[in-house]
Every structure is written in C-alpha cells, then in structure tokens.
Amino acid sequence: MLVSDFDFELPEHLIAQEPKAARDQSRLLVIDRAKRAFSDTVFERLPGHLAPGDVLVLNNTRVFPARLIGNRLRTGEQTGGRVEVFLVRRVGPLVWEALVRPGKALLPGARAQFAGGRLRAEVIERRELGRRVVRFDAGSDEELDHLIDETGRTPLPPYIKRDEDDRLDVERYQTVYARERGAIAAPTAGLHFSPRLLEALRERGVEIEEITLHVGYGTFQPVRVERVEDHRVEPEAYSISVDAAARINRALAEKRRVLAVGTTTTRALESACREAGRVAPASLAMTDLFIYPGFEFRALGGLITNFHLPRSSLLMLVAAFAGRDLILDAYRHAIKSGYRFYSYGDASLII
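These numbers were taken from a predicted model, which means no experiment stands behind them. Residue numbers restart at each chain and count upward from 1, following the sequence in its written direction. Owing to the predicted nature of the model, reporting of local features is limited to residues with pLDDT of at least 70; listing and counting of side-chain atom pairs is limited to 80 or more, with chain, interface and lining totals taken over all residues. Excluded from the side-chain calculation are hydrogens and water; included are all heavy atoms of the structure.

Points about the packing of aromatic side chains
Stacked, edge-to-face and tilted labels apply to pairs of Phe, Tyr and Trp rings (six-membered ring for Trp) whose centres lie within 6.5 Å, assigned for plane angles under 30 degrees, over 60, and everything in between, in that order. Taken as a whole and judged by the stated rule, the model has 15 aromatic pairs. Between Phe-307 and Tyr-331, the ring centres sit 5.3 Å apart and the planes meet at 70 degrees, which makes this aromatic pair edge-to-face. Pair noted here: Phe-307 is in the loop between β16 (302-306) and α6 (313-322) and Tyr-331 is in helix α7 (residues 324-336), with a separation of 24 residues, a long-range link. With relative accessibility at 1%, the residue Phe-307 sits in the buried group. Exposed residues in this analysis have more than 50% of their type's maximum accessible area, buried residues have under 20%, and partly exposed residues fall in between, with area computed by a 1.4 Å probe over protein chains only. Tyr-331 gets classed as buried once you look at its relative accessible area, which sits at 3%. The rings of Phe-8, Tyr-159, Phe-307, Tyr-331, Tyr-339, Phe-341 and Tyr-342 are connected pair by pair, giving a single aromatic cluster. Sitting over the ring of Tyr-339, Arg-27 keeps its end group 3.9 Å from the ring centre. Sitting over a ring, as applied to charges here, requires NZ of Lys or CZ of Arg to be within 6 Å of the ring centre and within 35 degrees of the ring normal. Above the ring of Phe-64, the side-chain terminus of Arg-181 is found at 4.6 Å from the ring centroid. Runs of H or I in DSSP of at least four residues are treated as helices and runs of E of at least two as strands, each being numbered from the N terminus.

What about unusual backbone geometry?
Backbone phi values are negative for most residues with the exception of glycine, while trans is the configuration of most peptide bonds. Arg-101 connects to Pro-102 through a cis peptide bond whose omega is -10 degrees. Inspection of the secondary structure puts Pro-102 in the loop between β7 (95-101) and β8 (111-114). Backbone geometry places Leu-129, a non-glycine residue, at a positive phi of 55 degrees. Following the sequence through the fold, Leu-129 ends up in the loop between β9 (119-126) and β10 (131-137). Assessed through its relative accessible area of 56%, Leu-129 is described here as exposed. Phi angles above zero are rare outside glycine, and Tyr-342 is one such case at about 75 degrees. Among the secondary structure elements, Tyr-342 is positioned in the loop between α7 and β17 (347-350).

Topic: the packing of helix α5 (residues 263-272) against α6
At their nearest, the axes of α5 and α6 sit 11 Å apart, and the two run at 65 degrees to each other. Crossing hand, α5 versus α6: left-handed. The segment α5 lies against α6, with Thr-263, Thr-266 and Arg-267 engaging Leu-314, Leu-317 and Val-318. In the scheme used here, Gly and all other residues not listed as nonpolar or charged are polar, with Ala, Val, Leu, Ile, Met, Phe, Trp, Tyr, Cys and Pro taken as nonpolar and Asp, Glu, Lys and Arg as charged. Classifying every residue of the contact of α5 with α6 gives three nonpolar, two polar and one charged. The axes are straight lines fitted to the C-alpha atoms, using for helices just the contacting stretch, and the angles between their N-to-C directions are given from 0 to 180°. For any pair of crossing helices, the crossing counts as left-handed if the nearer helix is rotated counterclockwise from the farther one by less than a right angle, and right-handed if it is rotated clockwise. Whether two residues touch is decided by their heavy atoms; if any such pair falls within 4.5 Å, the residues are in contact.

Re the sheet that holds β7
Strand order in the closed barrel formed by six strands is β5-β6-β7-β10-β9-β8, and the pairing between neighbours is antiparallel. Here the average twist between neighbouring strands, direction ignored, is 45 degrees. Bridge analysis of strand β5 (residues 67-73) against β8 gives four bridges, and the strand direction is antiparallel. When the bridges of β8 are listed, Leu-73 appears paired with Arg-111. Across the sheet, helix α1 (residues 141-151) touches β5, β6 (79-92), β7, β9 and β10, and the angle it forms with β6 is around 125 degrees. At least two bridges found by DSSP between two strands are what make those strands a pair.

A word on the packing of α6 against α7
Closest axis-to-axis distance for the α6/α7 pair is 7 Å, and the angle between their directions is 115 degrees. Within the contact between the two elements, α6 uses Leu-315, Val-318, Ala-319 and Ala-322 and α7 uses Arg-324, Leu-326, Ile-327 and Tyr-331. Along the lines of polarity and charge, the residues of the contact of α6 with α7 split into seven nonpolar, no polar and one charged.

Quick look at helix α4 (residues 242-253)
By this rule, a helix spans an expected 1.5 Å times one less than how many residues it contains. Between the first and last C-alpha of α4 there are 16 Å, a value that for twelve residues agrees with the 16 Å anticipated at 1.5 Å per step. Within α4 the residues assigned to the buried category are Ala-244, Ala-245, Ile-248, Asn-249 and Ala-251. One side of α4 carries all its buried residues, which in axial view fall inside an arc of 155 degrees. Opposite the buried face of α4, at more than 90 degrees from it, the exposed residues are Val-242, Asp-243 and Ala-253. Packing partners of the buried residues in α4 comprise β3 (55-59), β12 (207-213), β13 (236-240), β14 (258-261) and α5. Positive backbone phi, at 60 degrees, marks Lys-255, one or two positions downstream of α4. To obtain the arc, one takes the directions from the helix axis to the C-beta atoms.

A word on the pattern of salt bridges
A pairing counts as a salt bridge when a side-chain nitrogen of Lys or Arg comes within 4 Å of a carboxyl oxygen of Asp or Glu. One pass over the full model with this rule turns up 26 salt bridges. For the salt bridge of Arg-89 with Glu-97, the shortest nitrogen-to-oxygen distance reads 3.5 Å. Exposure remark for Glu-97: the relative accessible area of 5% places this residue in the buried category. Residue Arg-256 pairs with Glu-207 through a salt bridge whose shortest N-O separation is 3.2 Å. With Arg-256 in the loop between α4 and β14 and Glu-207 in strand β12, this pair connects stretches of sequence that are 49 residues apart. A residue is classified by how much of its surface remains accessible, and Glu-207, at 30% relative accessible area, is partly exposed. Salt bridges here are not isolated pairs; linked through shared partners, they connect Arg-89, Glu-97, Glu-125, Arg-127, Arg-131 and Glu-234.

A few points about the sheet that holds strand β15 (residues 282-287)
A sheet is described by the order of its strands in space; here nine strands give the open sequence β2-β1-β17-β16-β14-β3-β12-β13-β15, paired in mixed fashion. Two strands bound the open sheet, and with one partner strand each, they are β2 (37-42) and β15. Each strand axis lies, on average, 25 degrees off the axis of its neighbour in the sheet, ignoring direction. Where β13 and β15 come together, four bridges link them in antiparallel fashion.

In structure tokens form, the structure reads like this:
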C-alpha cells in the first residue's frame, strides 16, 4: 500500500489558524459507513446522533507548555542568540529528548538559559532527525516541571502560524476535561466539547468514560517512507483504570456502541484490546500501534475526529475505520463545503 494513496489537495486557506469563538459551534460532518453517505451539521447537535447506552471515551491528557524560548550561554554569564528547545520526551532524571533551533548552534556541549537564567540546560547528545538530548540544571524533576509550566509556551503544531503571544492557545489548545499532565500536543477532537455539551450527552443517556494517552511527537511526525507498511509510530504512554476498563468491556459485551473521541483514544483502546480481545487496564503502558487499512478493530464502534493532513498516519487510521474511498470522498465534500482542517478545525463523526 502506497503513502501516495492517501494524498489530496488542500487549499491553504482551509487550515484553521484559530479556534471558533465557542467550542461546540464547530461544524460537524457525519459520515455513515453503512449508507456510504454524509451530512452536515454543527457539533452542539452531536447528542442527536448518539443513542442512549452509547459509551463515549475521552482522552483526558493535559498539554504542558513544552516550548522553551531562551538564549545561548557563552563563556561566563554572557548570553548569545535566541534558541528554542521543544521538549519531546523525558529520557531520565532532568534529561529530555528535544527538537532544537538553531540546530547547527546547539551541538553537544552547547548551553542555554531560559526564564532570565532561572533555568539552564546543556546539550549532551546529538540524535537523528535533528534531535538533541538536553540535561537541565534543576533540583529535581518536580522543580523542573514547575519551571517548565511557569515559563514554557504552548506547543502548537507547525502549520499554525502564531507570534509570541499565545494567550488564546493557553486555554483553547486544551480540552475542558484535561487533567493528566504529559502531552506535547492536544487530543484535538476533544477541543469541540463544552461543559454544556457534555451535560447534554449525559442527559441523552450517553455514558462518558475517561482514559489517558499522552500525545507525543508522533502526532506531528511525517510519514517519510513510500510504503505504508514501512512506517513506524513513536511509542506513547497510555493509562486505563480498572473501573473504566470494566465499564467499557460491559458495553462491548452488551453490544452497545463504544465511540472514541480522537485517534489517540482509538490507539489506546485498540492497544488495550490486542491480547485478550477485551480492554485491559493499564498504567503508563507504552504503545506504538500503527493503524492503517486492513486493521481489525476490536473496540471501536464510532469515531469523532478532526480533518487530518494528507499522507499522514492519522488519515490512514481514519481510512482503516471508514474505508479509504469513503473518507477521501468525505474530505472532498468537506473541502468543497469550506470545512476548516487540522487542530483548530472542524470535526467529523464516523458511525
């Protein structure tokens, strides 16, 4: 299967740069797999498309401000040019793998400071694809996390063009139910939910469960191979409580529909089902599950997701669930109808 099979032309003006004024006022494209048809609506009308007894599974990961902006440290206390360190994953006490700018200047031995010198770091290793391993000068990981939360900036995807003022994103690039700190990207399908919409779903009789998958750099990771089967997804940590697993399994046993909010929730659920065919509880288990057409879903009965990049692993996951031809037809309809794409864009419901 070729990556080029998942390509399409997207006008640049449809790449959403800011969220809607109200979360639940995004547009919603309902894609019916059985009828091979789609219809246009608004996200606040989601309860009318779900049935009492449906289980809606949310990813409650919380984005932390993983972009650190500072300056090179030269000899003594003199500072040099501007640097950016984008934290990707923790690899040890006070040690992170990161993407850095400018890469040519930040080689092993290079030092930088952030927050006016309150936080300092040294590059200790160079890795593939422009990555560095960075060691921070802090008393503990807890102190480091506090400084990062206090001084870092929202880790927006590269297709969102923003100046240094990210005050809007601090709130809106976060779901209203975000709780578990650890993601460097938002589970963006969840950005459309408001407190009033969640209450309306409960009143409809829809059960709402929360699990956690800490979204990592893999959500931005381009597919650099020609054959889909050759792509690899970076591991991400997920957790599912014993109680949540039991309630989801009960729904599956009773043939009730389980719907995932987002591709991250989908990967966590399907990873937890791989061995026993039932959702197994997990505490920070790692998954590198790559879902593409031909995949056998064991938990998923419906999917709420945004509109994804051409040739991306996320588009391949959606195509695995709905069928490539139907999804590409739906995307053509969305483009013609002016739907907004990517993280701050509109949403689809696939049933």
